[in-house]
Amino acid sequence: MASMFHGCVQPVLEESEVSENEDFIYASISEETKVQLNSRKKTVWTAEDQIWVFYPDQPSVWTFTGETGDRTGTFRKTAYGSYPADYVFDRIYAVYPYSLFLGWSGNPGVTPFFMNAPSVVDYVPGGYAVGENLMLGVSDDGTDFRFMNLSSYLKLSITGSRVVTGITVTGNSQENLAGVFYFYAGKPDEILWSSNLSKSVTLDCGNGVQLSSTPSEFIITMMPVVFSAGFTVDIQFSDGTHFSQRTSKPVSLDRNVIQPMSLIKTDIEDWQYVVISHIGKYLYCPVPGGSSSMNGSFLWGDGTESDLSSGNGFHEFSDDLTGHTVTLKSSNAKSLHFKNMSGIYRIDMSEF
């Protein structure tokens, strides 16, 4: 959804930092809210976490004084700013993390919060990266704040023998998954997209995660979304190969919920093959169907390859040869759909 506002305006930070003698505030996070997970899947703060706090007269930045792993603690004011326009708050609000807050609407009389949901998030074993989980804090007295989570989580369990370098999630109906969004303080469940939108979210696994026969757990942070036609997971490996898993069933990622999915096995021994002999510059390759958990690829015979979920089987050959042998590699397929037989003169389905 496009923004109905003319843009957002930000508080202006003063260059001078606040002395350590300034007041402290106390912040706790609800039992189900997740900033960083400990080994028991309990919520914890992280050392040096920073939050924006919005008092009626002045915005300010506060830094956590505790240690990584604390579930509650105090924040010290480390910077303060000024509002570019008058704002009327019914309560005292705060947002986490400081770095992803963008501002408010520039329209008089309305004060939705604008934040940025990143399209690339970092892998953390057994959890998710610090500073990529979004929260809203509320206080009646300006001293005690209670935080609620705005994000949702997709948990993938993966086995195999290769090294994972990245995982990309894309909705089959091209749902918005990242970018600038806004929400009203009293309606944190209503996320409204604004600009710089992305249809995918990628988990960056850095130097890589070695898979094994024991499932490795990957948690991807994103904003709540309903995948009306399911979604596709593309797993990238250090050797340049990739593996895709697609589900066509509707999936809802709700705020403050870790949604687990079925085990993904990336080492498949029972591949199905269809070999196609073709003449011509263009080809509509038959597409497998009949399963919500298919994966595989088109090996076009011209030195290129594309994932099974990448399209409808249409391909324009990249070389000057008049004929090609194309291999369709799939798993969990139960049928084969033909759209156009032009140029196809032989099909071998003996291993399908």
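In the block above lies the structure referred to throughout.
Residues numbered from 1 in each chain as written. Predicted model: local features only at pLDDT ≥ 70, side-chain atom pairs only at ≥ 80, totals over all residues. Heavy atoms only, no water.

S.K.: Can you help me understand the overall build of the chain in this one?
M.R.: Summing up its helical and strand segments, the chain has zero helices and 36 strands in all. In the chain, once contacts between residues fewer than 6 apart in sequence are set aside, the share between residues at least 24 apart is 70%. Of the roughly 16300 Å² that the chain leaves accessible, carbon and sulfur atoms contribute 48%. (Helix = DSSP H or I, 4+ residues; strand = E, 2+ residues; numbered from the N terminus. Contact = heavy atoms within 4.5 Å. Areas by Shrake-Rupley, 256 points an atom, 1.4 Å probe, with all protein chains shown as cover.)

S.K.: How should I be thinking about the packing of aromatic side chains in this particular structure?
M.R.: Any aromatic ring pair is given by two values, namely how distant the centres are and how the planes are angled relative to each other. By the definition in use, this model includes 20 aromatic pairs. Centre to centre, the rings of Phe-181 and Phe-183 are 6.2 Å apart; their planes meet at 25°, and the pair counts as stacked. Comparing Phe-181 with Phe-183, the two get one shared label, buried. Ring geometry for Tyr-182 versus Tyr-184: centroids 6.5 Å apart, planes at 85°, classification edge-to-face. Through successive ring pairs, a cluster of aromatic residues spans Trp-52, Phe-54, Tyr-93, Tyr-98, Phe-101, Trp-104, Phe-113, Phe-181, Phe-183 and Trp-193. Of note, Lys-329 hangs over the ring of Trp-271, and the distance from its end group to the ring centre comes to 4.5 Å. (Phe/Tyr/Trp six-rings, centres within 6.5 Å; stacked < 30°, edge-to-face > 60°. Buried < 20%, exposed > 50% of the residue type's maximum accessible area, 1.4 Å probe, protein only. Lys NZ or Arg CZ within 6 Å of the ring centre and 35° of its normal.)

S.K.: What's the story with the sheet that holds strand β32 (residues 305–307) in this structure? I'm lost.
M.R.: Hydrogen bonding along the main chain pairs the strands of a sheet, whether they run parallel or antiparallel. Across the sheet, five strands lie side by side as β32-β31-β34-β28-β36; this open sheet has antiparallel pairing. On the outer flanks of this sheet lie β32 and β36 (344–351), each paired with one strand and no other. The sheet shows a mean angle of 15° between the axes of neighbouring strands, taken without regard to direction. Pairing of strand β31 (residues 295–299) with strand β34 (residues 323–331) involves five bridges; the strand directions are antiparallel. The residue bridging Leu-299 from the neighbouring strand is Thr-327, located in β34. (Pairing = 2+ DSSP bridges. Axes fitted to C-alpha atoms, helices over the stretch in contact; angles between N-to-C directions.)

S.K.: Is there a simple way to think about the environment of Asn-256 in this case?
M.R.: Tracing the backbone shows Asn-256 in the loop between β25 (251–253) and β26 (258–260). Among the residues examined, Asn-256 registers a relative accessible area of 12% and is labelled buried.

S.K.: Would you explain the nonpolar core in this entry?
M.R.: Proteins that are soluble and globular tend to have nonpolar side chains buried together. In terms of nonpolar packing, the biggest core is built from 29 residues, with Ile-167, Phe-218, Ile-220, Met-222, Phe-227 and Ile-235 touching the most fellow members. Breaking this core down by element, the ones donating at least two residues are β16 (152–159), β17 (163–171), β20 (200–210), β21 (216–222), β22 (225–227), β23 (231–237) and β25. Ignoring sequence-local partners within four residues, the contact set of Met-222 consists of Ser-151, Ser-152, Leu-154, Val-169, Leu-177, Val-201, Phe-227 and Leu-253. Of all hydrophobic cores here, the second largest spans 24 residues; its members include Val-61, Tyr-83, Leu-136 and Leu-150. (Core = buried A, V, L, I, M, F, W, Y, C linked by side-chain atoms within 4.5 Å.)

S.K.: Help me out: how do you make sense of the sheet that holds β17 in this one?
M.R.: Strand order in the open sheet formed by six strands is β13-β12-β20-β17-β23-β24, and the pairing between neighbours is mixed. Because the sheet does not close on itself, it has two edges, and the strands there are β13 (127–128) and β24 (242–247). Examined bridge by bridge, β17 and β20 share seven bridges and lie antiparallel to one another. Among the inter-strand pairings, Gly-166 is bridged to a residue of β20, identified as Asp-204.

S.K.: Any chance you could explain the side chain of Ser-198 here in plain terms?
M.R.: Structurally, Ser-198 is set in strand β19 (residues 187–198). Exposure remark for Ser-198: the relative accessible area of 16% places this residue in the buried category. Only 2.8 Å separates the side chain of Ser-198 from the backbone oxygen of Ser-200, close enough to count as a polar contact. (Polar contact = N/O pair within 3.5 Å; in protein donor to acceptor, adjacent residues only side chain to side chain.)

S.K.: Which parts of the structure should I look at to understand the environment of Ile-25?
M.R.: Relative to the assigned elements, Ile-25 resides in strand β3 (residues 24–29). Using a relative accessible area of 3% as the deciding quantity, one classes Ile-25 as buried. Along the sequence, Ile-25 and Gly-142 sit 117 residues apart, while their C-alpha atoms lie 7.7 Å from each other. Sequence-distant contacts of Ile-25, that is, excluding residues within four places in its chain, are made with Ile-51, Val-53, Tyr-55, Trp-62, Gly-73, Thr-74, Phe-75, Gly-142, Thr-143 and Phe-145.

From the geometry alone we can't say anything about function, so treat these as descriptive.
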